Amino acid sequence: MSEKRMEEAMKPPEPEEQADDSDGIRWDGSEAEMVPDEDAKAFDETLTAVKISYTLTDEELCRAYLRVGMTRTNRLLLGGISVLSFAAAAFYVVWFCLHLSGASLAFAVLFAALGVVTAVFPRLSIRRYAKKNNDHQKYILKIYPDVIEGEHGGSKITIPLDGSFTRVHEKGLFLLYSTKGPIDRDHLLVLPLRSVEPDVLADVEAMLRVGTCRSKGKSVR
C-alpha cells in the first residue's frame, strides 16, 4: 500500500453533518484535553478521554427540549392544525367582506386565535420551562470510548457508551438519554459541540455515534 493511501486510511472520520444547522458549529474557545483513565492504569491498559467543560445557555436548553420534548408527529400535527386554522380564518374574512355576516367574523377570529395558540403556545411553554430549569452550573465531562463520566452541580454523571443510550444530533448539540424508562430533565445530557476543540471534534463525534443509537422519536416527560 502506498504512503498516500496509508495516510488516508488513518484519517479520523469526518464530523456528522447537520442538515438543519445553517450556522454550523462555532467553537467557543473552551479547552479540551486528552486525559488518561486512572482505573485503566491498574490493568496496564491505555484509555484516553477527551475532557471538556461548559455551561448551557437558556437557548441551548430550549432547543434541546423542543427537539426531544415534541415528537415529529406532534410537530407535524400542530403545524397542520395551525395552517388549516389560518386558512379557515382567511376564508371567513373573505366571506364576511362579501356578505357582512357577523357569524363569519366571529368564526374568523376564532380560527385565527386557534392558529396562533397551536403555533406559538407550545414553544413559549417549553422556552419558559427551559429557562426556569437551567441552573447555569458548569458541566465537567470526560468522554472515553466506552463511557462518559463527569459531574454537574455536585452530582456525578455516568453514561455508558454501550448502546443503552439514545442520541439526537440537533443544531450543534448532542442530546443523550436512556432508552429505558421515561425521559425527563434529570436523565437528559445536553452536550454542545461548541465546547469541543476542532482538533478532537471528529473523535468525540465518532465515540458518541458508535456508543449510542439514533432516536426513534420518544419525547421528554
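Owing to the predicted nature of the structure, the values given are computational and were not obtained by experimental measurement.

Novice: I tried to follow a nonpolar patch on the surface on my own but got confused; where do I start?
Specialist: Where nonpolar side chains cluster on the molecular surface, the patch consists of F86, V116, V120 and L124 and spans about 320 Å² of accessible area. Here the element with the most residues in the nonpolar patch is helix 5 (residues 102-133); it accounts for three residues. Among the structural elements, V120 can be located in helix 5.

Novice: Looking at this structure, I do not really get the packing of aromatic side chains. What am I missing?
Specialist: Evaluation of the coordinates by the stated rule reveals six aromatic pairs. A centroid spacing of 5.3 Å and a plane angle of 75° characterise the contact between F91 and Y92, whose relative ring orientation is edge-to-face. Ring geometry for Y92 against F107: centres 5.1 Å apart, planes inclined by 25°, an arrangement best described as stacked. Of the two residues, Y92 sits in helix 4 (residues 72-99) while F107 sits in helix 5, which places them 15 residues apart along the sequence. A relative accessible area of 38% places F107 in the partly exposed class. Three or more aromatic residues joined by ring pairs make a cluster, and in this case those are F91, Y92, W95, F107 and F111.

Novice: Help me understand the confidence of the model for the chain in this model?
Specialist: For any part of a model where pLDDT is low, the fine detail of the predicted coordinates should not be relied upon. On average, the chain scores 78 in pLDDT, and the residues at 70 or more come to 71%. Mean pLDDT per element in the chain: helix 1 (residues 3-9) is the minimum at 46, and strand 3 (residues 139-143) is the maximum at 94. Low pLDDT, under 50, characterises residues 15-23; the predicted model gives this stretch 20 contacts beyond four residues in sequence or across chains. Low confidence marks residues 40-44, where pLDDT is under 50. Its contacts with residues over four positions away, or in another chain, come to three contacts.

Novice: So what exactly am I meant to see when it comes to the sheet that holds strand 6 (residues 165-170) here?
Specialist: Each strand in a sheet pairs with another by means of backbone hydrogen bonds, the pair being arranged parallel or else antiparallel. Ordered by their spatial adjacency, four strands build an open sheet running 8-7-6-9, and the pairing between neighbours is mixed. In this open sheet, the two strands that pair with only one neighbour each are strand 8 (188-192) and strand 9 (213-214). As judged from the six bridges shared by strand 6 and strand 7 (residues 173-178), these two strands associate in the antiparallel manner. Considered in strand 7, the bridge of V168 is made with L175. Each of strand 6, strand 7 and strand 8 touches helix 3 (residues 58-69); the most contacted strand, strand 7, lies at about 55° to it.

Novice: What is the right way to read the pairing of strand 3 from this model?
Specialist: A regular strand places its side chains on the two faces of the sheet in alternate fashion. Covered by surrounding structure in strand 3 are Y139, L141 and I143 only, the residues I140 and K142 on the alternate face being uncovered. The sheet contact formed by strand 3 and strand 4 (residues 147-152) spans five bridges and is antiparallel. Paired with I140 across the bridge in strand 4 is E151. Between the antiparallel neighbours strand 3 and strand 4 lie three residues.

Novice: In this structure, what is going on with helix 6 (residues 198-211)? I would like to understand it.
Specialist: Because an α-helix completes one turn every 3.6 residues, residues spaced three or four positions apart along the sequence face the same direction. Over its 14 residues, helix 6 extends 20 Å from the first C-alpha to the last, a length consistent with the 20 Å expected when each residue adds 1.5 Å. Buried within helix 6 are the following residues: V200, L201, A202, V204, E205, A206, M207, L208 and G211.

Novice: When you look at the environment of A89 in this model, what are you seeing that I'm missing?
Specialist: Here A89 is to be found in helix 4. As a C-alpha pair, A89 and A108 span 19 residues in sequence and 4.1 Å in three-dimensional space. The contacts of A89, once residues within four sequence positions are left out, are A108, F111 and A112.

Cut-offs applied
- Residues numbered from 1 in each chain as written.
- Predicted model: local features only at pLDDT ≥ 70, side-chain atom pairs only at ≥ 80, totals over all residues.
- Heavy atoms only, no water.
- Patch = residues over 30% accessible without salt bridge, like charges linked within 9 Å, V, L, I, M, F, W, Y side chains within 5 Å.
- Areas by Shrake-Rupley, 256 points an atom, 1.4 Å probe, with all protein chains shown as cover.
- Salt bridge = Lys/Arg side-chain N within 4 Å of Asp/Glu carboxyl O.
- Helix = DSSP H or I, 4+ residues; strand = E, 2+ residues; numbered from the N terminus.
- Phe/Tyr/Trp six-rings, centres within 6.5 Å; stacked < 30°, edge-to-face > 60°.
- Buried < 20%, exposed > 50% of the residue type's maximum accessible area, 1.4 Å probe, protein only.
- pLDDT = per-residue confidence, 0-100.
- Contact = heavy atoms within 4.5 Å.
- Pairing = 2+ DSSP bridges.
- Axes fitted to C-alpha atoms, helices over the stretch in contact; angles between N-to-C directions.
- Expected span 1.5 Å × (residues − 1).

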